[in-house]
Amino acid sequence: MEDRKLANLISLSDETFAQYLLREDLFYEKIQDKEEIIKESLEIGRKVGEAKKDIFSDIDGLKDFYNLEIKYKEEKSEFGYYELAYFEDNKIIFNNENISKIEDMASLNNLPIFEGIELSDIILAHELYHKIEQEDKLPTDRVYITYKKMGFITKKVKLKAPSEIGAMAFAKSFLALEFNPLIINYLLAKAFGRQEILYRKIYKDIK
């Protein structure tokens, strides 16, 4: 049976997925220039993806250039419930169990868009972007807002969403994907029977 929700998500723009990622930021309600942040983060991710694609023939070449160590772990305690991988200390650590779940879901849905694509490469590209952010001091990793905490007291905080938006745009650009990489998050949510929750969150602002 066709998953119409998945088909609907595939048709959405990158801007819509970026809006979802920004809404997930802890400080979303305090952000003033939301549209500008989305626009700039997408543009940076896309441009960096195109630039790296002109230099490196594949994702492995890019990984080797940055001398990153890849690890695969099964321990659930090291990951968030829906986490697929994380980057730290020049290492990318993959969550084998959750990656297997999205691969099973992709196979069950038998979608042509996944033909010839290793889903682990999408996750790797996303995490590689965070390394590139550090090395090249990209603006997506340096977006701060200042807000009033109490009276005249203000607080400056760093936003996480621009980095995630940039990483998704980078992965799509570098791998020449026909869909937004966040689609694989839907597949993982579906594996846990929680796809409706994610679907509604992404579609929140769609009229």
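Below is a summary of the structure that appears in this document. Because the structure is a prediction, the values reported are computed rather than measured. (Residues numbered from 1 in each chain as written. Predicted model: local features only at pLDDT ≥ 70, side-chain atom pairs only at ≥ 80, totals over all residues. Heavy atoms only, no water.)

1. Some remarks on the environment of F87
Point 1. By secondary structure assignment, the location of F87 is in strand β2 (residues 85-88).
Point 2. Along the sequence, F87 and H130 sit 43 residues apart, while their C-alpha atoms lie 7.2 Å from each other.
Point 3. What F87 contacts, discounting residues up to four positions off in sequence, is L68, I92, E127, H130, K131 and Q134. (Helix = DSSP H or I, 4+ residues; strand = E, 2+ residues; numbered from the N terminus. Contact = heavy atoms within 4.5 Å.)

2. Considering the pairing of β2
Point 1. Here four bridges tie β2 to strand β3 (residues 91-95), and the two strands are oriented antiparallel to one another. Paired with E88 across the two strands is K91, which belongs to β3.
Point 2. Hairpin remark: β2 followed by β3, antiparallel, with two residues in the connecting loop; positive phi at D89, about 50°. (Pairing = 2+ DSSP bridges.)

3. Some points on the sheet that holds strand β1 (residues 69-73)
Point 1. Taken in spatial order, the three strands make up an open sheet running β1-β3-β2, and their pairing is mixed. Each having just a single partner strand, β1 and β2 make up the two edges of the open sheet. Averaged over all pairs of adjacent strands, the angle between their axes in this sheet comes to 20°, without regard to strand direction.
Point 2. Packed onto the sheet, helix α5 (residues 96-109) meets β1 and β3 and runs at close to 60° relative to β3.
Point 3. Where helix α6 (residues 119-136) meets the sheet, its contacts fall on β1, β2 and β3, and the angle it forms with β2 comes to roughly 25°. (Axes fitted to C-alpha atoms, helices over the stretch in contact; angles between N-to-C directions.)

4. Notes on helix α9 (residues 195-202)
Point 1. Listing the buried residues of α9 in full gives L198, Y199 and I202. End-on, the buried residues of α9 take up no more than an arc of 100°, which puts them together on one face.
Point 2. Check the buried side of α9 and you find it contacts α1 (4-10), α2 (14-23) and α8 (183-191). (Buried < 20%, exposed > 50% of the residue type's maximum accessible area, 1.4 Å probe, protein only. Arc of directions from axis to C-beta.)

5. Remarks on the side chain of K52
Point 1. Relative to the assigned elements, K52 resides in helix α3 (residues 34-55).
Point 2. With residues up to four places along the chain from it excluded, the contact list for K52 reads L62, Y66, I132, D136, F170 and F174.

Limitation: the analysis is restricted to geometry and does not speak to function.
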